Amino acid sequence: MRKMASALACLLCCLCLRAQDSLSIDKGLLEEYCKAFETASDEVRFGECDFLIGSCKDASRRQQTALWLYDRFRKSKLMGSESVAIYIFDRWFASGEVAMPDEFSYLSASIFCDFNRHSLIGCKAPAFTAFDGSGQPQRIDPATGGKASVIYFYSVNCAKCKVESAMLRSVLENRDADLDFYAICTDGDRAAWEEVCNGVLKLNVATTEVHQLWSPDDEKDWQMLYGVLHTPRLFLADAEGTIVGRGLDSFALDKMLEEMFAPVVMEYGSEESMRFYEQLFASYIEENGRLDAGNIAAAADHIALRTLAEAGDTLLFKQMSGDLLHYLNVCGDPACRDAVSPFVDKYIYGRPDVWKTADDSLQILGLAAIMKELADRACPGSELPAVRVRGKVLRNGRFRAERTASLDRLPSGTDILILYHPTCSNCIEEMKRAAGMKGVKIFCIDLKRMEEWDEGAHQQLMDSFDLSRLPVILKVSGKKVSGRGL
């Protein structure tokens, strides 16, 4: 607000100079100044109006300034300006510091404020009572529905309402957003109301929940709560029940719904999230000596509990679960491979209510499908494929002569199967570790030599194992895979 101090000083100086010859205010200068702050926050707008009014030393000029500002913001077409008019009335006129011209003016301003103060931008949408189709009174509370609400007051005898209703139906049908639509008829007999419900306001929507309501009696609590002195009146509240749009028409509502329901584009797999999961799972390794799929499943369950079950925060669940999926995709620990399939089944495929946007298909569902397909290859409990290969037995640090064998008939007593590439640095390190294992029989397949020896067999290996990350190390028991890693 103080950034405007020099402009304000200049303005006040001009006003004072003009006031030497007249007690009237310069409305042109006031309008120019108001335009400079009318889109600011309420705190700024309230402060600037106080400064303008309080800087007028002459009582008559102070009254003119306050009245002009009150009237200016009361009539402004900028949504939310009513709050400034109400503030000026409460702060300066209702307090008695500035007098209204007459009793009628004061009463009119008081009525305007009382009929608008409960439904200002930022207020919780007030609960109200109206009748449903069976004639039963219903207490409607948009703040407890858990989703956005469109609140529409209309009259069956209002020509403008008929046009607005037709346009509103078009907007809501085209959007078909996950929201509540409360259509409240403010007058007319039951037959006239039902004609509207079955005609111009009969919506063909799948997601939007339509509530047709009628309130023909004299007990209308919504009239003051929503300031319905004329129709149509249209409001929009967000999922928390906070009013974010008032005095709307269908065009303005459509723009706000477009922004409100625009898909959130998420970004997954950041360096920060990778470090977070690396540190998290390192604590399991430090505590237990190793990481297993159960640790990862426990972490995923905890994320779902804290974000979805307790907080109802779908976006946070998506962010953390999406980051976990990306971490599992790059993690080299065998436990991560074992965790992929159950995680995808439970928290990706198992939550179609969460992963449902085009962006989800691109970033999560497609990746999950590839990861699951690869992770399910040669998973623990599966049978080894009948692929004829050439390899060497490694035992107690010594390689035996190369031999031909079928993977489902490995040399008797084989404990571990390794598929590696001689140019892979990770492979070289793991082969060194394998060479240091005593009393363990390991069958090693050089993928480079396999490709040279038999391209068809090499292709079968690519189809049977996840060779996107080497080496592939499997514990075997007879014809079956019993585990991953050394």
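Residues numbered from 1 in each chain as written. Predicted model: local features only at pLDDT ≥ 70, side-chain atom pairs only at ≥ 80, totals over all residues. Heavy atoms only, no water.

Right, let's talk about helix H13 (residues 314-330) for a bit. Its 17 residues place the ends of H13 25 Å apart at the C-alpha level, agreeing with the 24 Å of an ideal helix rising 1.5 Å per residue. Inspection of H13 places Phe-317, Lys-318, Ser-321, Gly-322, Asp-323, Leu-324, Leu-325, Tyr-327 and Leu-328 among the buried residues, and these make up the whole buried set. Buried residues along H13 sit against helix H11 (271-288), helix H12 (293-310), helix H14 (334-348) and helix H15 (358-375). (Helix = DSSP H or I, 4+ residues; strand = E, 2+ residues; numbered from the N terminus. Expected span 1.5 Å × (residues − 1). Buried < 20%, exposed > 50% of the residue type's maximum accessible area, 1.4 Å probe, protein only. Contact = heavy atoms within 4.5 Å.)

Taken residue by residue, the protein chain gives an average pLDDT of 90. The fraction at 70 or more is 95%. Per-element mean pLDDT across the protein chain ranges from 45 in helix H1 (residues 5-19) up to 97 in strand S6 (residues 233-237). In this model residues 1-22 is a low-confidence stretch, pLDDT under 50, and it forms 22 contacts with partners more than four residues away in sequence or in other chains. (pLDDT = per-residue confidence, 0-100.)

What follows deals with the packing of H11 against H12. Two elements in contact, H11 and H12, have axes whose closest approach is 11 Å; the angle formed by their N-to-C orientations is 130°. If you check the angle between H11 and H12, you find them oblique. Where H11 crosses over H12, the two elements pack in a sense that is right-handed. Note on element contacts: H12 touches H11 through Asn-295, Ile-296, Ala-299 and Ile-303, opposite Tyr-277, Leu-280, Phe-281, Tyr-284 and Asn-288. (Axes fitted to C-alpha atoms, helices over the stretch in contact; angles between N-to-C directions. Parallel < 35°, antiparallel > 145°, perpendicular 65-115°, else oblique. Left-handed = near helix turned anticlockwise from the far one by under 90°.)

Contact pair helix H4 (residues 59-75) / helix H5 (residues 82-93): the axes reach a minimum separation of 7 Å and the direction vectors enclose 150°. If you check the angle between H4 and H5, you find them roughly antiparallel. Handedness of the crossing formed by H4 with H5: left-handed. For the pair H4 and H5, contact is made by Ala-66, Leu-67, Leu-69, Tyr-70, Phe-73 and Arg-74 and by Glu-82, Val-84, Ala-85, Ile-88, Phe-89 and Phe-93, respectively. Of the residues contributing to the contact of H4 with H5, the split by class is ten nonpolar, no polar and two charged. (Nonpolar A, V, L, I, M, F, W, Y, C, P; charged D, E, K, R; others polar.)

One pass over the structure, following the stated rule, counts 29 salt bridges. Between Glu-38 and Arg-72 there is a salt bridge, and its shortest N-O distance comes to 2.9 Å. Remark: Arg-72 occurs in helix H4 and Glu-38 occurs in the loop between helix H2 (27-37) and helix H3 (42-54); sequence separation between them is 34 residues. The exposure class of Glu-38 is buried, given its relative accessible area of 17%. Measuring nitrogen to oxygen at the nearest pair gives 2.7 Å for the salt bridge that ties Arg-74 to Asp-71. Of this pair, Arg-74 and Asp-71 both sit in helix H4, separated by three residues, roughly a single helical turn. Classification of Asp-71 as partly exposed rests on a relative accessible area of 27%. The network of salt bridges with shared partners includes Lys-147, Asp-178, Asp-180 and Glu-209. (Salt bridge = Lys/Arg side-chain N within 4 Å of Asp/Glu carboxyl O.)

In this structure the tally under the stated criterion is 23 aromatic pairs. Relative to Tyr-106, the ring of Phe-89 lies with its centre 5.3 Å away and its plane at 45°, an arrangement referred to as tilted. Here Phe-89, found in helix H5, pairs with Tyr-106, found in helix H6 (residues 103-114); they are 17 residues apart in sequence, far enough to count as distant. Ring pairs connect the aromatic residues Phe-128, Phe-153, Trp-222, Tyr-226 and Phe-235, which therefore count as one cluster. (Phe/Tyr/Trp six-rings, centres within 6.5 Å; stacked < 30°, edge-to-face > 60°.)

In this section: the state of the cysteines. Taken as a whole, this structure holds zero disulfides when the rule is applied. Free cysteine Cys-379: the closest other cysteine sulfur is in Cys-336, separated by 16 Å. (Disulfide = S-S within 2.5 Å.)

With that out of the way, let us pick up the environment of Gly-245. Take Gly-245: it is sitting in strand S7 (residues 243-245). Judged by relative accessible area, Gly-245 falls into the buried class, the value being 0%. Distance in space between the C-alpha atoms of Gly-245 and Met-256 is 8.0 Å, their sequence separation being eleven residues. When sequence neighbours within four positions are dropped, the list of residues in contact with Gly-245 reads Met-79, Ile-121, Leu-234, Phe-235, Leu-236 and Met-256.

Residues of H2 that are buried: Leu-29, Leu-30, Tyr-33, Cys-34 and Phe-37. Down the axis of H2, the buried side of the element spans an arc of 135°, and every buried residue falls inside it. The exposed set on the far side of H2, more than 90 degrees from its buried face, consists of Lys-27, Glu-32 and Lys-35. Where H2 begins, the capping side chain belongs to Asp-26, and its oxygen is found 3.1 Å from the backbone nitrogen of Gly-28. (Arc of directions from axis to C-beta. Polar contact = N/O pair within 3.5 Å; in protein donor to acceptor, adjacent residues only side chain to side chain.)

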